[in-house]
There are 2 protein chains.
Amino acid sequence: LSLTISICNQWYFFSWIPFSGSVSMKSLSCDNDYSSHMTCKWKEHKEAHDLLRITLYQNDGIQNENKMPCVRDPERALPETSDPYIFWVCRKNIEYFGIGINHIYSFKHNKTLETQLNVNLFQNVQPLPPQNLEVQESSGDFFLTWTAAEGSQWLGNALEYEVTYKRDWESWEKDALRLLSNTTRCHLSHLMMGSRYVARVRARVQQAKGFSGTFSEWSTDVSWETPEGQEPIQPRNLRCLFNGVNLTCSWEVKKVITTSVIFGLFFRATPASAEEECSPVYEKVLPHIPYVVQSCAIPVSNISSQSRYHVSVRTKTEEKLIEAHKNIKVLPPTNVSVKATEDHEYELRWKKHTFQYNFIKQKYQVQYWKHNQYNETLQTLNISNDEPPFIFTLQMLSPSTKYRGKMRAMVNSADYQSSWSEWSEEFSWETAN
Amino acid sequence: LSLTISICNQWYFFSWIPFSGSVSMKSLSCDNDYSSHMTCKWKEHKEAHDLLRITLYQNDGIQNENKMPCVRDPERALPETSDPYIFWVCRKNIEYFGIGINHIYSFKHNKTLETQLNVNLFQNVQPLPPQNLEVQESSGDFFLTWTAAEGSQWLGNALEYEVTYKRDWESWEKDALRLLSNTTRCHLSHLMMGSRYVARVRARVQQAKGFSGTFSEWSTDVSWETPEGQEPIQPRNLRCLFNGVNLTCSWEVKKVITTSVIFGLFFRATPASAEEECSPVYEKVLPHIPYVVQSCAIPVSNISSQSRYHVSVRTKTEEKLIEAHKNIKVLPPTNVSVKATEDHEYELRWKKHTFQYNFIKQKYQVQYWKHNQYNETLQTLNISNDEPPFIFTLQMLSPSTKYRGKMRAMVNSADYQSSWSEWSEEFSWETAN
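So, here is what we can say about the structure in this document. Keep in mind it's a predicted model, so treat the numbers as computed, not measured.

**With respect to the overall build of chain A**
1) Next: When helices and strands are tallied, chain A shows four helices and 33 strands.
2) Next: Expected size for 433 residues packed as a compact globule is a radius of gyration near 22 Å; at 45 Å, chain A overshoots this value by more than 25%.
3) Next: In terms of principal-axis extent, the alpha carbons of chain A reach across some 135 × 75 × 45 Å.
4) Next: Here chain A holds 433 residues, and the buried ones make up 46% of them.
5) Next: A separation of at least 24 residues holds for 64% of the contacts in chain A among residues at least 6 apart in sequence.
6) Next: Here chain A displays about 22700 Å² of accessible surface, and carbon together with sulfur accounts for 47% of that area.
7) Next: Looking at charge distribution, chain A has the averaged site of its 45 positive side-chain charges lying 2 Å from that of its 48 negative ones.

**Points about the relation of the copies chain A and chain B**
1) Next: Laying chain A over chain B is done by rotating through 180° and shifting 0.0 Å along the axis; what remains is an RMSD of 0.2 Å. Taken together, these values place the two copies in the relation of a two-fold axis.
2) Next: Of all interface residues in chain A, 99% are interface residues in chain B too; the two copies therefore contact each other through one and the same surface.

**A short note on the environment of F122 of chain A**
1) Next: Among the secondary structure elements, F122 of chain A is positioned in the loop between β9 (114-120) and β10 (131-138).
2) Next: Separated by 90 residues in the primary sequence, F122 of chain A and S212 of chain A have C-alpha atoms spaced 6.6 Å apart.
3) Next: Apart from residues lying up to four places away in sequence, F122 of chain A is in contact with W154, G210, F211 and S212 of chain A together with I303, S304 and S305 of chain B.

**Digging into the layout of surface pockets**
1) Next: By volume, the second largest pocket is sized at about 290 Å³.
2) Next: D31, H37, T39 and R91 of chain A together with K329 of chain B are the residues nearest the centre of the second largest pocket, which is lined by 16 residues in total.
3) Next: When contributions to the lining of the second largest pocket are tallied by element, the ones reaching two or more residues are β2 (29-32), β3 (37-45) and β7 (85-93) of chain A.
4) Next: Ranked by the residues each element gives to the lining of the second largest pocket, the list is headed by β3 of chain A, at four residues.
5) Next: Grouping the constituent residues of the lining of the second largest pocket by class yields five nonpolar, five polar and six charged.

**Here we look at the interface of chain A and chain B**
1) Next: Listed per partner, the contact involves 144 residues of chain A and 143 residues of chain B.
2) Next: Approximately 13800 Å² of surface area, both sides summed, lies buried where chain A meets chain B, with 61% of it carried by carbon and sulfur atoms.
3) Next: Our enumeration of links across chain A and chain B arrives at six salt bridges.
4) Next: Linking E217 of chain A and K174 of chain B is a salt bridge whose minimum nitrogen-to-oxygen distance equals 3.2 Å.

Criteria and thresholds
- Residues numbered from 1 in each chain as written.
- Chains lettered and ligands numbered in written order.
- Predicted model: local features only at pLDDT ≥ 70, side-chain atom pairs only at ≥ 80, totals over all residues.
- Heavy atoms only, no water.
- Helix = DSSP H or I, 4+ residues; strand = E, 2+ residues; numbered from the N terminus.
- Rg over C-alpha atoms; globule rule 2.2 N^0.38 Å.
- Buried < 20%, exposed > 50% of the residue type's maximum accessible area, 1.4 Å probe, protein only.
- Contact = heavy atoms within 4.5 Å.
- Areas by Shrake-Rupley, 256 points an atom, 1.4 Å probe, with all protein chains shown as cover.
- Lys, Arg positive; Asp, Glu negative; His and termini not counted.
- Charge placed at Lys NZ, Arg CZ, Asp CG, Glu CD.
- Least-squares fit on C-alpha atoms with pLDDT ≥ 70 in both.
- 1 Å grid on protein atoms, 1.4 Å probe; cavity = no way out; pocket = protein on both sides within 12 Å on 5 of 7 lines; lining within 4 Å.
- Points joined across faces, edges and corners; volume = space filled by probe spheres on them.
- Nonpolar A, V, L, I, M, F, W, Y, C, P; charged D, E, K, R; others polar.
- Buried area = accessible area lost by both parts, 1.4 Å probe.
- Salt bridge = Lys/Arg side-chain N within 4 Å of Asp/Glu carboxyl O.

See below:
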């Protein structure tokens, strides 16, 4: 069960382009002094030169065709160059120049390169792909119809068709259903409900009718959707395959259903065996497809032709253990107030949240600030005493100042855990001068 | 003949991942005040809620399982939200808290979701893919051998194999050769010389031996190269297919050969017909492959079961017409000199290149500069007089100065064309004070 990647065949990414002539002829250029001689230059691929010799000929339309005397261009004959071409220069004396006298150049080569074939048209037929694919529903059954390509009349009724179809997210090679048809209509069987399907058709000539050849290209795809079934939330398409080691079962479930419940695969190796559960379950999630595929591999230790496994996919109960003493939510302290003492200090008092057990202690955090100067004067205090009071010393406060504050609590006993409570209501006090 | 692109099936790009539990259970969190009550929160997909109702249960290990009373979370019950989830909050009074008391939560749902299957192992076999593919050559023939996957002994000799092979740049679907084999060895026929091939094998159980099932996955590919043939430069693999409109022929040629010569497709519709040439020829060039595929479509107007085309691929002559009077290369002027005249002017004289005909005139370009001050003092003159002399007027030169210059020529008559000649040799003169 691992990632499979289909490498695209690169061949298809290259297109047919018009052939534009040989490199040697494209490279040929000739000039002349319009007096006594002319010079031609051209290049030849070194590997081609080793396989085939080509020779430049000139025809001036007056005399016969003449071979041009060519030598390697001394200006470009660098033996160490990585250029794959040989550069030739050809110089020839010319008696007459004139506007009517045109020179036609061509290459001749020293070997006959040829291959031949006799083709019987009716034995080498590749029809054009079928057209006008349509899917029609009739009382819950789906039928595909199509027509032979225009211009196939000469074949009479000698065409037969291969129809193949699959759900849109499946693989043509592995998952598609195939059938052969002599007519241009077929019944699409074994469809699953609530799925988008694609179908395509190709044609070939029937040998029995005196033809032979290859399949046409595939037609363009036609796509349709089957209606939702009556029980779309049931797991479906349960299939199992045995590879000699494992019996691997896969099934499909509606994607949203797996947000609420989970499915397990249960099996009995024999009717008398205890039911066991397969683990781990893997899943494949596909974007835009409302189903997920789940899969599990049952190890098979005892192989016998009598082996008949009973497998069942059904919901199983997920359980979550939550320990109450580690998920405590402390309520914030109440009745929080600050009052001056006889010693001219300030005393913070509060009423703490009470637990079922007094031995569970709390710690606190206090934030206080000068009135209307929250950002500039904010102070934070940590108090590890479970019970009030807490005394503000003289250094902690300025005289003649209005203060505001808030307080929160957290469990402070081993074995018990909480997060910070919400903050208490804000409280305020004023210091003397 | 157009660009074909194979869209990769996206399905293969998604992998199997372990299933990690339902969203609802993952979202469940519960806290308590460790005094009198507890609160749970969880979420449920709206679409799942429409299909299936799930209910949260709590089990404290003392009492029986209890349904938690849940309501939509008033803080997150925004009716206009696009969030696909419903948020639930469940509050329950608790009599006793304690470290030994753990709460186990689970969801129950209101429908039975189940599917079942009886599986006969021997009727649902997908063997493991064959292994150890090897290609051996023996007196020019190639043989492929392989072994059944380890752990296939239980199948005895019930496996049969599908072997498929193709040249590395061809398509598995369209071009590969296929054969079935009952043994783990087969002869690779119809190989072309000088090509890299790939082969792969898959296995399935034979129905005749009491099994059934599906093909294994394909084995890993094995690759080999056939030796160069004796005539690697001949065109090869000429094939023609008739689609009712055209007889389309394709063939292969060694890529470097097409740098020197070009191939044409010639055909006769009947033995008595004149030979015709097919046009245009298209080609498909593939990187790293030493062959190009060329192709041409012969229109067929008269379809008859007697039609036997004779087609021949062979080199054809490329011709290039080069008009001498439009490709003149003028030789540069010679004997160029500047001399003072009796009128204290300076006179440029030269000997022009002579053509076969005097009526072909030339024009010239002169560059001159003060000695050792090329960049700062360069001047360019155009002279349209075919014949010397050219007079430098007093304004064009400074007194008591050493000058250097060079000159080039071009044809200047209608109907005749040249490019500029090379520059003449440099000349020099000195002006009086």
